[in-house]
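Chains, contacts and geometry: an overview
Now for the letters of each chain:
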There are 2 protein chains.
Amino acid sequence: MQDIIKVAVDAMGGDNAPGEIVKGAVDAVATRNDIKVLLVGQQDIVTEELEKYTYPKWQIEVVNADEVIETAEPPVMAIRRKKNSSIVVGMNMVKHMEADAFVSAGSSGAILVGGQVIVGRIKGVERPPLAPLIPTENGVSLLIDCGANVDARASHLLQFAKMGSVYMEHVVGIKNPRVAIVNIGAEEEKGNALVKETFPLLKECKDINFVGSIEAREIPHGEADVIVCEAFVGNVILKLYEGLSSTLIAAIKQGMMSSLKSKLGAALALPSLKKTLKAFDASGYGGAPLLGLNGLVVKTHGSAKANEVKNSIIQCVTFKEQDINGKISEKIAETE
Amino acid sequence: MQDIIKVAVDAMGGDNAPGEIVKGAVDAVATRNDIKVLLVGQQDIVTEELEKYTYPKWQIEVVNADEVIETAEPPVMAIRRKKNSSIVVGMNMVKHMEADAFVSAGSSGAILVGGQVIVGRIKGVERPPLAPLIPTENGVSLLIDCGANVDARASHLLQFAKMGSVYMEHVVGIKNPRVAIVNIGAEEEKGNALVKETFPLLKECKDINFVGSIEAREIPHGEADVIVCEAFVGNVILKLYEGLSSTLIAAIKQGMMSSLKSKLGAALALPSLKKTLKAFDASGYGGAPLLGLNGLVVKTHGSAKANEVKNSIIQCVTFKEQDINGKISEKIAETE
């Protein structure tokens, strides 16, 4: 008999909850029959939304959680006080092994705090990094850490490199992934204090394929598979990636609408243009896993629509099947 | 009688020296008759290049400098030892007021070190920031600091905000420019240690128009005129901007060449597309000034071509005419 992966999904989190979240869950179970989705949220609202669809009843269950953590709430307080919020309930299900994974488009802060406090870290992991996939000319790269641990230390970055390597090799399927550290020049002596301290640790580490520094300019060219950086820098890279892509795309579209001739051109070129732009749409790759926890927690964009929710749920299957946490645990233990 | 602005130009610096540099100088003097360019470099080579062109002889002079500082050389050592390099000779001309400004596409490190050591800082300025203009949906923003001072302190960032405000108001012509600090969230309590320390200083500063935090996602939308950040982060933003723009543009072009139909569309839409893309081409805005020095030093891209060199030379005129250094000096002194 096939193993069923149980994914708890925060039905109340994000700008488009519960509509797009519920739709994403329905789409996910329509794609695969080895998933069970546990929609965590205010029962009446979620059930009403769910009743719009037809789906195999055994594959989706609603789990009640009366409270909702808002994005603006201070995360530590929210996790401590709102015991019956969708985030706390969902994470507790992972902790008690009633779910293999938890997916949320809700408050990043609350998800990061909840991941550490409720789900807990794998033994030996100092800080759990948030690690989204970003599109490049050649496919995708893993950006690690992307907002979980500002002011991190060199030892944390070394662990990020190891965890990221496991993820890229076994979830994304890139053999011997190239690891690089974000720097402001290619030479070894360049960088700020943190990078200068981390560089030799990465260089000496036997169980990763370290290729040196990467300048931000080279990131979109796909020059590395695992891109290691401190969370503040990672967050800036991720958000600039999103902002600049959407700005450029909008400017190009607008520019093409400026004359009749170019309008006609745009109409002819549109299908190929769409294909190109889709490759640079981060939502197609699902959410960002929070690595190094005793269970899987995936953060999707606050603006996630059904497609991203669906992809985030499906992503959990590979994570579980490949026993990523077991592999991370081994890799971290090797150098303890 | 009109004042003549004297601009020393490093004829040996950058990937396209001396050809594109000399061409840029010739183009600059063809545009304006209130500029004199002093081309600093190996006399024979520069003169040979210059002889290809016709130009008003009094507007371009070659100043001999036998040595060249290579990009890979450790900057402090290079500035100290190569006394007769184009960078050291050019900067000494600014120091001794034989030139109003120095423009170079050479080694960033050597230019930053030389600026501090040879040209020297304006009294009260703690660290001179490198401040390029970056394109946005609405025009341009000033990104300050962009590589000069990694691991800067909060007091440095406050000065960057003031110097950047002077530049945007009086060189770019934006009244009461909006100042924002790069952060990983919009809320005041977000950020790393440096941002948390700097935020209240900016908020309390009376002589800037501080509008709060800016997430990297909003930078291309032009949500602020002066974007304050630590040099490592600024360098990442600048280089990702360049890398991602060129990657996206290349991908779009390639995508459009994929079928006959889209090729035809591309041909029709090309003029408007080019116009849009040109607005996002950083080289159109000239080089990045190193602010807070006793004289003007402008760093252009290592890959700068004649157009960027020309724009960088012309940029020096407004800088001098508007007495930016006098204004910076006043603004820094106000809070000393």
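In short, a report on the structure. On a predicted model such as this, the values are computed, not experimentally measured, just so you know. (Residues numbered from 1 in each chain as written. Chains lettered and ligands numbered in written order. Predicted model: local features only at pLDDT ≥ 70, side-chain atom pairs only at ≥ 80, totals over all residues. Heavy atoms only, no water.)

**Re the overall build of chain A**
So the rule is basically this: A run of H or I in DSSP becomes a helix once it reaches four residues, and a run of E becomes a strand once it reaches two; helices and strands are each numbered from the N terminus. Only C-alpha atoms enter the radius of gyration; for comparison, a globular chain is expected to reach 2.2 Å times N to the power 0.38, where N is the number of residues. Here, residues are in contact when the closest pair of their heavy atoms is within 4.5 Å. Exposure was quantified through the Shrake-Rupley algorithm and a 1.4 Å probe, taking into account, for residues, occlusion by the shown protein chains and nothing else. Counted charges follow a simple rule, with Lys and Arg positive, Asp and Glu negative, and His plus the chain ends left uncounted. Note on charges: their place is set at NZ of Lys, CZ of Arg, CG of Asp or CD of Glu.
Of the regular secondary structure elements, chain A holds 11 helices and 11 strands. For 336 residues, the compact-globule estimate of 2.2 N^0.38 gives 20 Å, and the C-alpha radius of gyration of chain A, at 20 Å, lies within 12% of that figure. Considering only C-alpha atoms, chain A reaches an extent of 65 × 60 × 45 Å along its principal axes. Residue pairs at least 24 apart in sequence account for 72% of intrachain contacts in chain A once pairs closer than 6 positions are excluded. Only carbon and sulfur atoms are counted for the fraction: they give 51% of the accessible area of chain A, which is about 13,600 Å². Within chain A, one finds 36 positive and 41 negative side-chain charges whose respective centroids are separated by 3 Å.

**A short note on the sheet that holds strand E7 (residues 178-183) of chain A**
In a beta sheet, neighbouring strands pair by backbone hydrogen bonds and run either parallel or antiparallel. All names here are of chain A. Quick reminder of the rule: DSSP bridges decide pairing: two strands pair if at least two such bridges lie between them. Helix axes use the C-alpha atoms of the stretch in contact, all axes being lines fitted to C-alpha atoms, and the angles between their N-to-C directions lie in the range 0 to 180 degrees.
Spatially, 5 strands are ordered E5-E6-E9-E7-E8 in an open sheet, and the strand pairing comes out mixed. A single partner strand is all that each edge strand has here, and the edge strands are strand E5 (133-136) and strand E8 (209-215). When the angles between neighbouring strand axes are averaged without regard to direction, this sheet yields 30°. Sheet analysis places E5 next to strand E6 (residues 139-144), joined by 4 bridges and oriented antiparallel. The residue of E6 that forms the bridge with Thr 136 is Gly 139. Sheet strands touched by helix H8 (residues 231-256): E5, E6 and E7. Its angle to E5, the strand with the most contacts, is close to 50°.

**Some words on the interface of chain B and chain A**
A common measure of how large an interface is: the accessible area buried when the components associate. Inclusion rule: Buried area counts how much accessible surface, traced with a 1.4 Å probe, disappears from two parts once they are put together, with both parts' losses summed. By definition, a salt bridge exists where a carboxyl oxygen of Asp or Glu is found within 4 Å of a side-chain nitrogen of Lys or Arg. Polar contacts, as used here, are pairs of N or O atoms within 3.5 Å; protein pairs need one atom able to donate a hydrogen and one able to accept it. Residues neighboring in sequence count only if both atoms are side-chain atoms. Three categories are distinguished: nonpolar for Ala, Val, Leu, Ile, Met, Phe, Trp, Tyr, Cys and Pro, charged for Asp, Glu, Lys and Arg, and polar for the others, with Gly belonging to the last.
Listed per partner, the contact involves 48 residues of chain B and 48 residues of chain A. Regarding the contact of chain B and chain A, the summed buried area is about 4,600 Å², with carbon and sulfur atoms giving 75% of it. Inspection of the chain B/chain A interface yields 4 salt bridges. The salt bridge partner of B:Glu242 is A:Arg217, with a shortest N-O separation of 3.3 Å. Between chain B and chain A we count 12 residue pairs in polar contact (both at pLDDT 80 or more) in total. Elements with a minimum of two residues in the side of chain B that touches chain A: strand E7 (178-183), helix H7 (193-204), helix H8 (231-256) and helix H9 (260-279) of chain B. Looking at which element gives the most residues to the side of chain B that touches chain A, the answer is H8(B), with 19 residues. Tallied by class, residues from the side of chain B that touches chain A come to 26 nonpolar, 15 polar and 7 charged.

**Observations concerning the pairing of strand E4 (residues 101-104) of chain A**
Residue and element names in this part refer to chain A. Quick reminder of the rule: Accessible area is worked out with a 1.4 Å probe on protein chains only. A residue is then buried under 20% of its type maximum, exposed over 50%, and partly exposed in between.
Side-chain alternation along E4 places Ala 101 and Val 103 on one buried face and Phe 102 and Ser 104 on a second face that is also buried. For strand E1 (residues 5-10) and E4, the ladder comprises 3 bridges, and the chain directions are parallel. From the neighbouring strand, Val 7 faces E4, where its bridge partner is Ala 101. As paired elements, E4 and strand E11 (residues 296-299) share 4 bridges and run parallel to each other. Looking at E11, one finds that Phe 102 is bridged to Val 297.

**Examining the sheet that holds strand E3 (residues 60-64) of chain A**
All names here are of chain A. Taken in spatial order, the 6 strands make up an open sheet running E3-E2-E1-E4-E11-E10, and their pairing is mixed. Edge positions in the sheet fall to E3 and strand E10 (288-290), since each of these pairs with one other strand and no more. With direction set aside, neighbouring strand axes in the sheet form an average angle of 25°. Pairing between strand E2 (residues 35-41) and E3: 5 bridges, direction parallel. Note on E3: the bridge partner recorded for Leu 39 is Val 62. On top of the sheet, helix H1 (residues 19-31) reaches E1, E2 and E3; it is set at about 170° to E2, its chief contact.

**A short note on the pairing of strand E11 (residues 296-299) of chain B**
All names here are of chain B. Along E11, one buried face is formed by Leu 296 and Val 298 and the opposite face, lined by Val 297 and Lys 299, is buried too. Bridge count for strand E10 (residues 288-290) against E11 is 3 bridges, and the pairing is antiparallel. Looking at the pairing, Leu 290 lines up with Val 297 of E11. The antiparallel pairing of E10 with E11 creates a hairpin that spans 5 residues between the two strands, and Gly 292 there sits at a positive phi of about 90°.

**Describing the pattern of salt bridges**
Applying the stated rule across the entire model yields 22 salt bridges over all chains. Residues B:Lys52 and B:Glu49 are paired through a salt bridge, measuring 2.7 Å at the closest nitrogen-oxygen approach.

**Comments concerning the packing of H1(A) against helix H2 (residues 43-50) of chain A**
Residues and elements named next belong to chain A. Definition in use: Any angle from 65 to 115 degrees is called roughly perpendicular, while one under 35 is roughly parallel, one over 145 is roughly antiparallel, and all others are oblique. We call a crossing left-handed when the near helix sits turned anticlockwise from the far one by less than a right angle, and right-handed when that turn is clockwise.
It is at 9 Å that the axes of H1 and H2 come closest, and there the two elements cross at 55°. Between H1 and H2, the interaxial angle falls into the category oblique. Relative to H2, H1 is oriented so that their crossing is right-handed. Counting all contacts with H1, which are made through Gly 19, Val 22 and Val 26, the residues of H2 involved are Val 46, Glu 49 and Leu 50. Looking at side-chain class alone, the contact of H1 with H2 contains 4 nonpolar, 1 polar and 1 charged residues.

**Looking at the packing of aromatic side chains**
Residue and element names in this part refer to chain A. Our working rule: Any two rings among Phe, Tyr and Trp, with Trp reduced to its six-membered ring, count as a pair given centres within 6.5 Å; such a pair is stacked if its planes are under 30 degrees apart, edge-to-face if over 60, and tilted if neither.
Under the definition given, this model contains 4 aromatic pairs over all chains. For the pair Tyr 167 and Phe 319, a centre-to-centre distance of 6.1 Å together with 50° between the ring planes defines the contact as tilted. Pair noted here: Tyr 167 is in helix H6 (residues 154-172) and Phe 319 is in helix H10 (residues 306-321), with a separation of 152 residues, a long-range link. The buried category is assigned to Phe 319, whose relative accessible area is 5%.

**Focus: the environment of A:Pro135**
Residues and elements named next belong to chain A. Tracing the chain through its elements places Pro 135 in strand E5. As for Pro 135 and Tyr 241, which are separated by 106 residues in sequence, their C-alpha atoms are 9.1 Å apart. Beyond its immediate sequence surroundings of up to four residues, Pro 135 is in contact with Val 140, Tyr 241, Ala 279, Phe 280 and Tyr 285.

**Here we look at unusual backbone geometry**
Residue and element names in this part refer to chain A. Note the cis peptide between Ala 17 and Pro 18, where omega equals -5°. Relative to the assigned elements, Pro 18 resides in the loop between E1 and H1. At the junction of Ile 144 and Asp 145, the peptide bond is cis and its omega measures out at 15° in the coordinates. A positive phi angle, near 50°, is found at Asn 176, a position not held by glycine. Here Asn 176 lies in the loop between H6 and E7.

**Description of the nonpolar core**
We count it as follows: Within this scheme, the nonpolar core is defined by two criteria: the residues are buried Ala, Val, Leu, Ile, Met, Phe, Trp, Tyr or Cys, and they are joined through side-chain atoms within 4.5 Å.
One finds A:Leu39 and B:Leu39 to be the most contacted residues of the largest nonpolar core, which totals 174 residues. Beyond its immediate chain neighbours, meaning those up to four positions away, A:Leu39 contacts A:Val9, A:Ala11, A:Ile21, A:Val22, A:Ala25, A:Val46, A:Leu50, A:Ile60, A:Glu61, A:Val62 and A:Val63.

**Quick word on the relation of the copies chain B and chain A**
Note the threshold: Least-squares superposition aligns the copies on the C-alpha atoms of those residues with pLDDT at or above 70 in both.
When chain B is fitted to chain A, the residual RMSD is 0.0 Å, and the transformation amounts to a turn of 180° plus an axial shift of 0.0 Å. The relationship between the two copies is best expressed as a two-fold rotation axis. Across chain B, the rotation axis passes nearest the C-alpha of B:Gly265, at a separation of 1.8 Å.

**Observations concerning a negative patch on the surface**
Residue and element names in this part refer to chain A. As a reminder of what qualifies: Candidates for patches are residues over 30% relative accessible area with no salt bridge; among them, like charges are joined within 9 Å and nonpolar side chains (Val, Leu, Ile, Met, Phe, Trp, Tyr) within 5 Å.
Taken together, the side chains of Asp 44, Glu 48, Glu 51 and Asp 66 present a region of like negative charge at the surface. Along the chain, Glu 48 turns up in helix H2. Glu 48 sits in the exposed class, given a relative accessible area of 58%.

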